[in-house]
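# Structure assessment
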Amino acid sequence: MNFRSLRFRIVVFFGWLFATVLAVVFALVTTASYQIARQQSGDDLRLGQRIFHRLQQQTRDRLLQSASVLTADYGFREAISSSHTATIASALQNQRERIGADIMLLSGLDGRAISASGSTLSDNNSELSRHIREAEVRSSAIGTLALGDNVYDVVTIPVLAPEPIAWVTLGFRINDELARDLGALTSLEVTFLHRQATGWSVVASTHGDSKTRSNLARATAAAYGGRPGSEPIETPGYETIAIPGDETDKGTVVIVLQSSSDKAVARFSQLRRTLILLSSLGLLGALVGSIFIARRITRPIQTLAETALQIQRGDYTQPAQIFEKDEIGAFAITFNHMRDAIVNRESEIRRLAYEDALTGLPNRICLEDKLQRMLAEGQVASLAVMIIDLDRFNHVNDTLGHAAGDVVLRIVAQRLCSAVRDFDLVGRFGSDVFALVVRIDDSFRLDAVVKRIQFTIEQDVSVDGEPVDVGCSVGIACYPIHGDDAGTLLRRADIAMHRAKRSHLGSASYEAQNDQIRRDQLNLLGEIRRAIQSDQLSLVYQPKMSVADGAIDGAEALVRWQHPTRGLVPPSEFIPFAEQTGAIRLITRWVIDHAAAQCGIWLRSGHAIKISINVSARDLLDRELPEYVRNTMIAHGAPAKMLCLEITESALMEEPIAAHTTVSRLHDLGIELAIDDYGTGYSSLAYIKQLPVNELKIDRAFVTNMTAHAEDAAIVRSTIELGHNLGLRVVAEGVESDRELALLAKFNCDVAQGYLISRPLGPGMFESWLASYRGRSHPLIAANSA
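Residues numbered from 1 in each chain as written. Predicted model: local features only at pLDDT ≥ 70, side-chain atom pairs only at ≥ 80, totals over all residues. Heavy atoms only, no water.

The helix and strand tally for the protein chain stands at 27 helices and 26 strands. Within the protein chain, the proportion of its 786 residues that are buried is 44%. For the protein chain, the exposed surface amounts to about 40,300 Å²; the carbon and sulfur share of it is 53%. (Helix = DSSP H or I, 4+ residues; strand = E, 2+ residues; numbered from the N terminus. Buried < 20%, exposed > 50% of the residue type's maximum accessible area, 1.4 Å probe, protein only. Areas by Shrake-Rupley, 256 points an atom, 1.4 Å probe, with all protein chains shown as cover.)

Right, let's get into the nonpolar core. One recurring pattern in soluble globular proteins: nonpolar side chains tend to sit buried together. Counting 74 residues, the largest nonpolar core has I587, I613 and L744 as its most contacted members. Counting residues per element, this core draws most heavily on helix α17 (residues 584–604), at nine residues. When sequence neighbours within four positions are dropped, the list of residues in contact with L744 reads V547, M706, V716, I720, A732, V735, C749 and A752. Judged by nonpolar contacts, the second largest core, of 31 residues, contains M386, V396, A404 and A413. (Core = buried A, V, L, I, M, F, W, Y, C linked by side-chain atoms within 4.5 Å. Contact = heavy atoms within 4.5 Å.)

Tallied over the full model, the rule gives 26 salt bridges. The partner of R46 in a salt bridge is D43, and the shortest N-O contact between them spans 2.4 Å. Here R46 pairs with D43, and both are found in helix α1 (residues 6–72), just three residues apart, close to one helical turn. For R46, a relative accessible area of 44% translates into the label partly exposed. Look at the salt bridges and you will find they share partners, linking K544, E556, K610, E646, E672, E695, K697, R729 and E733 into a network. (Salt bridge = Lys/Arg side-chain N within 4 Å of Asp/Glu carboxyl O.)

Now for the side chain of N363. Relative to the helices and strands, N363 resides in the loop between α9 (327–354) and α10 (364–376). A polar side-chain atom of N363 sits 3.3 Å from the main-chain amide nitrogen of I365. Those residues in contact with N363 that sit more than four places away from it in its chain are L352, A353, Y354, E355, D356, R428 and F429. (Polar contact = N/O pair within 3.5 Å; in protein donor to acceptor, adjacent residues only side chain to side chain.)

Their axes nearest at 6 Å, the elements helix α11 (residues 393–400) and helix α12 (residues 402–419) cross at an angle of 140 degrees. In this view, α11 runs oblique relative to α12, as classed from their interaxial angle. Note on element contacts: α12 touches α11 through H402, A404, G405, V408 and L409, opposite F393, V396, N397 and L400. Of the residues assigned to the contact of α11 with α12, the class counts are six nonpolar, three polar and no charged. (Axes fitted to C-alpha atoms, helices over the stretch in contact; angles between N-to-C directions. Parallel < 35°, antiparallel > 145°, perpendicular 65-115°, else oblique. Nonpolar A, V, L, I, M, F, W, Y, C, P; charged D, E, K, R; others polar.)

Our focus in this paragraph is the packing of aromatic side chains. A complete count under the given rule lists seven aromatic pairs for this structure. Here the aromatic rings of Y541 and W602 are separated by 5.1 Å at their centres, their planes lie at 65 degrees, and the arrangement is edge-to-face. One end of the pair, Y541, is in strand β18 (residues 537–546); the other, W602, is in helix α17, and 61 residues separate them in sequence. The same class applies to Y541 and to W602, which are both buried. Pairing W602 with F766 gives two aromatic rings, centres 4.8 Å apart and planes at 25 degrees, and the pair type is stacked. Here W602, found in helix α17, pairs with F766, found in helix α26 (residues 763–772); they are 164 residues apart in sequence, far enough to count as distant. Across the pair, exposure class does not vary: W602 and F766 are buried alike. Linked through ring pairs, Y541, W602, F766, W769 and Y773 together constitute an aromatic cluster. (Phe/Tyr/Trp six-rings, centres within 6.5 Å; stacked < 30°, edge-to-face > 60°.)

Here we take up the confidence of the model for the protein chain. With 90% of its residues at a pLDDT of at least 70, the protein chain reaches an overall mean of 83. Note on residues 781–786: pLDDT is under 50 here. Beyond four places in sequence and across chains, it has twelve contacts. (pLDDT = per-residue confidence, 0-100.)

Bringing unusual backbone geometry into the picture now. Of note, the bond from A161 into P162 is cis; its omega dihedral lies within 30 degrees of zero at -15 degrees. With respect to the secondary-structure elements, P162 resides in the loop between β4 (150–160) and β5 (164–173). Residue P480 is reached from Y479 by a cis peptide bond, and omega for that bond is 5 degrees. With respect to the helices, strands and loops of the structure, P480 is situated in the loop between β16 (471–479) and α14 (486–503). Positive phi outside glycine occurs at S83, with the angle close to 55 degrees. Along the polypeptide, S83 turns up in the loop between α2 (74–81) and α3 (85–99). Looking at S83, the relative accessible area reads 54%, which means it is exposed. Its identity is not glycine, yet S139 carries a phi of approximately 75 degrees, on the positive side. Of note, S139 is situated in the loop between α4 (126–138) and β3 (141–147).

This paragraph deals with the pairing of strand β7 (residues 199–205). Relative to β7, strand β6 (residues 189–196) runs antiparallel, the two being bridged by six bridges. In the sheet register, R195 faces β7, and the bridge partner there is W200. In this antiparallel pair of consecutive strands, β6 and β7, the connection spans two residues. (Pairing = 2+ DSSP bridges.)

We now examine the sheet that holds strand β17 (residues 507–509). The strand order β12-β13-β11-β16-β17 describes an open sheet built from five strands, whose pairing is mixed. The outermost strands of the open sheet, each flanked by one partner alone, are β12 (425–430) and β17. In this sheet, neighbouring strand axes are inclined to one another by 20 degrees on average, regardless of whether the strands run parallel or antiparallel. Note that strand β11 (residues 383–391) and β16 share nine bridges and pair antiparallel. Bridge pairing in β16 links I388 to V474. Lying over the sheet, α10 contacts β11, β12, β13 (433–439) and β16, oriented at roughly 140 degrees with respect to β12. Packing of α12 onto the sheet brings it into contact with β11, β12 and β13, and relative to β13 it is tilted by some 5 degrees.

Turning to the packing of α12 against helix α13 (residues 446–457), a few remarks are in order. Think of two packed helices as two axes; the pair is described by the angle between the axes and how far apart they sit. Two elements in contact, α12 and α13, have axes separated by 9 Å at closest approach and are oriented at 150 degrees. Between α12 and α13, the crossing angle belongs to the class labelled roughly antiparallel. Viewed along their axes, α12 and α13 form a crossing whose handedness is right-handed. Listed contacts from α13 to V412, R415, L416 and A419 of α12 are R452, I453, T456 and I457. Along the lines of polarity and charge, the residues of the contact of α12 with α13 split into five nonpolar, one polar and two charged. (Left-handed = near helix turned anticlockwise from the far one by under 90°.)

With that out of the way, let us pick up helix α25 (residues 738–746). One turn of an α-helix holds 3.6 residues; hence residues three or four places apart share an orientation. Those residues of α25 not exposed but buried are E740, L741, L744 and A745. Buried residues of α25 fall within an arc of 135 degrees about the axis and therefore sit on the same side. Of the residues in α25, the exposed ones pointing more than 90 degrees away from the buried face are R739 and K746. (Arc of directions from axis to C-beta.)

This part covers the environment of R618. Looking at the element boundaries, R618 is found in helix α18 (residues 617–620). Of the residues examined, R618 reaches a relative accessible area of 33% and is grouped as partly exposed. Expressed as a C-alpha distance, the spacing of R618 and E655, which sit 37 residues apart in the sequence, is 9.3 Å.

With that settled, consider a nonpolar patch on the surface. A grouping of V12, F13, F14, W16, L17, V21, V25, F292 and I293 is seen on the molecular surface, where their side chains present a nonpolar patch of about 800 Å² in accessible area. Taken together, the elements giving at least two residues each to the nonpolar patch come down to α1 and α8 (269–312). Here the nonpolar patch gets seven residues from one element, more than from any other, and that element is α1. Here V12 lies in helix α1. (Patch = residues over 30% accessible without salt bridge, like charges linked within 9 Å, V, L, I, M, F, W, Y side chains within 5 Å.)

Here is the structure:
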């Protein structure tokens with residue numbers, strides 16, 4: 001037999017399990033039997049205690065009744081009055097024999113015995129005298145007397161005629177016969193002990209063995225020593241309690257009741273023997289049954305295992321054999337269902353692995369695989385790979401919800417399929433990105449295809465009655481010009497798409513330099529943090545001049561990056577990408593810290609130069625920005641009014657509510673705020689009016705062109721008037737000629753900034769320039785001041 005086989009282990013398991021269960025059951029039954037036996041012994045002791053008290057009370061009532069009958073007899077009283085001894089003795093003897101008393105005694109009022117029947121007493125018995133004195137006080141006395149070597153249960157009542165003329169005492173001796181009678185009634189071992197000054201002695205007991213009697217007396221003495229209580233006593237083989245009895249002159253009578261634990265437990269011996277026999281038979285039957293069951297189980301399982309190996313090898317043709325219509329048979333049926341489900345699931349997995357669940361189009365893996373096979377088989381001489389990213393799609397999700405976004409994606413997918421031929425490939429790469437593989441020939445030109453795709457996508461889309469505006473950015477890579485494998489073509493089309501999206505070109509073809517630019521940008525992103533930590537950044541300051549009087553009261557702080565290997569990196573190359581990745585917050589905080597420090601230095605040297613700093617949309621979402629600005633200005637000893645934060649219109653409109661909250665908190669701190677590049681964004685006058693801003697900056701594009709184009713001049717003039725009407729200071733940036741400055745003065749512009757005044761300067765050069773600057777020497781300024 002294979003000892004490691006499932007069949008053997010089933011047999012061993014069932015045998016061990018059954019044996020364990022039987023052992024536990026036997027242990028529980030044995031324990032329960034012992035507990036029940038002890039409980040039964042305790043119940044027997046409590047019942048015996050009640051029976052003893054009842055029998056004692058009945059005995060004493062019988063004694064009292066017999067004594068009352070005797071003392072009420074007229075002839076007996078006459079005999080006492082006449083001191084007729086023979087009559088008294090005869091009456092006592094007759095009454096004693098009638099009730100079976102062991103002692104019958106007539107005593108005088110002085111306590112001396114007049115006549116007795118039964119035990120002989122001395123005239124000066126102190127125990128009897130005490131008992132009679134108790135009767136004198138209570139008119140009767142009931143209790144236990146130690147008379148000589150014997151102990152009696154007695155009653156004493158007066159003989160009245162009508163005053164007491166004598167005392168009658170009746171009693172039963174406590175002996176082994178009485179103990180046996182009580183034992184027979186209670187089914188207990190009964191022992192009467194007498195505690196005296198000299199020690200404990202056995203008065204009567206159902207135990208015939210003197211050694212047992214002595215041991216019981218010692219155990220009781222060891223348990224109590226002093227006055228006993230009704231508590232259990234530890235005795236081998238018995239549950240034992242001691243009941244305190246009456247006091248005598250010599251001590252105390254104690255009644256000990258015992259219930260045999262061995263006898264109580266023995267009642268369950270037959271049950272245990274029967275249980276052992278049944279357990280042995282059951283174990284044998286379990287072994288035989290487990291062998292049979294093991295064979296019935298393992299044979300179908302072995303067959304199923306062989307079928308499973310076939311499925312593992314990819315062979316789904318052979319179903320599992322069904323032996324019986326039982327659980328194993330049901331398992332085989334379920335196994336076959338599982339086999340069918342695996343076949344269907346693998347087909348579905350293959351479909352899902354190569355198909356987009358939302359649109360039903362091929363996904364990236366599938367489209368790339370098809371494209372690679374198409375190229376490898378040489379099916380086409382020229383084709384174009386297009387990556388299409390939907391513009392403003394996130395706005396659809398944020399505004400109308402993801403369900404509406406899904407509707408838009410399905411519509412776009414349908415439109416793309418209708419815009420190309422059946423043998424062209426259309427796929428979805430995830431989110432709002434689609435891909436097309438189009439064969440190019442004389443009848444299907446690339447530029448026409450791109451225009452058709454853009455036109456198709458940009459058609460109005462209606463979702464639940466809501467018009468949705470969707471545009472797209474298209475990146476194009478052509479085979480074989482831009483690559484000869486699927487991975488390269490897709491990657492380069494993606495690069496072109498990002499360039500088209502970033503530059504708002506609509507579409508763009510791949511250019512070789514894009515790869516290097518993209519790598520450089522990615523490297524720059526990784527180096528921005530190191531640049532901040534290692535102080536590769538620096539600030540330059542471009543003066544801001546009052547148009548009215550030529551005074552210099554402010555400067556704009558501009559960040560520069562002196563890369564250790566690349567040299568000077570223009571802000572246009574790293575600021576946009578820092579904004580995309582969130583690193584702009586680190587740059588902004590660095591600029592605020594260094595600009596505040598420079599402001600404090602200039603202020604202490606007597607130059608009150610207000611410094612302007614640019615902040616991005618991400619900065620406006622930073623809830624900790626106002627507190628950081630406040631702490632930084634305090635740390636460098638610069639008043640809050642000496643700092644102006646410039647915010648673009650687009651930054652304000654990206655998250656208007658959050659931007660308004662941050663701007664308001666900054667304003668409450670005393671920080672001045674300016675709207676930068678005004679006229680290039682989408683902000684409304686109503687929204688600007690609500691903002692606590694101090695300054696409006698006109699974009700350099702309008703300032704540069706206003707001398708050549710009347711339209712730009714009109715825009716500048718109206719912007720200045722608008723700013724003044726809103727109570728704002730207006731700044732024109734990009735001023736590079738005297739004509740531009742003259743026009744700005746004519747339009748009553750407040751502040752000018754640009755190369756005409758000064759290029760951006762480092763802190764030291766700025767101070768030197770400021771010392772040599774004479775604003776009033778400028779002809780225009782001099783003319784205006786005159």
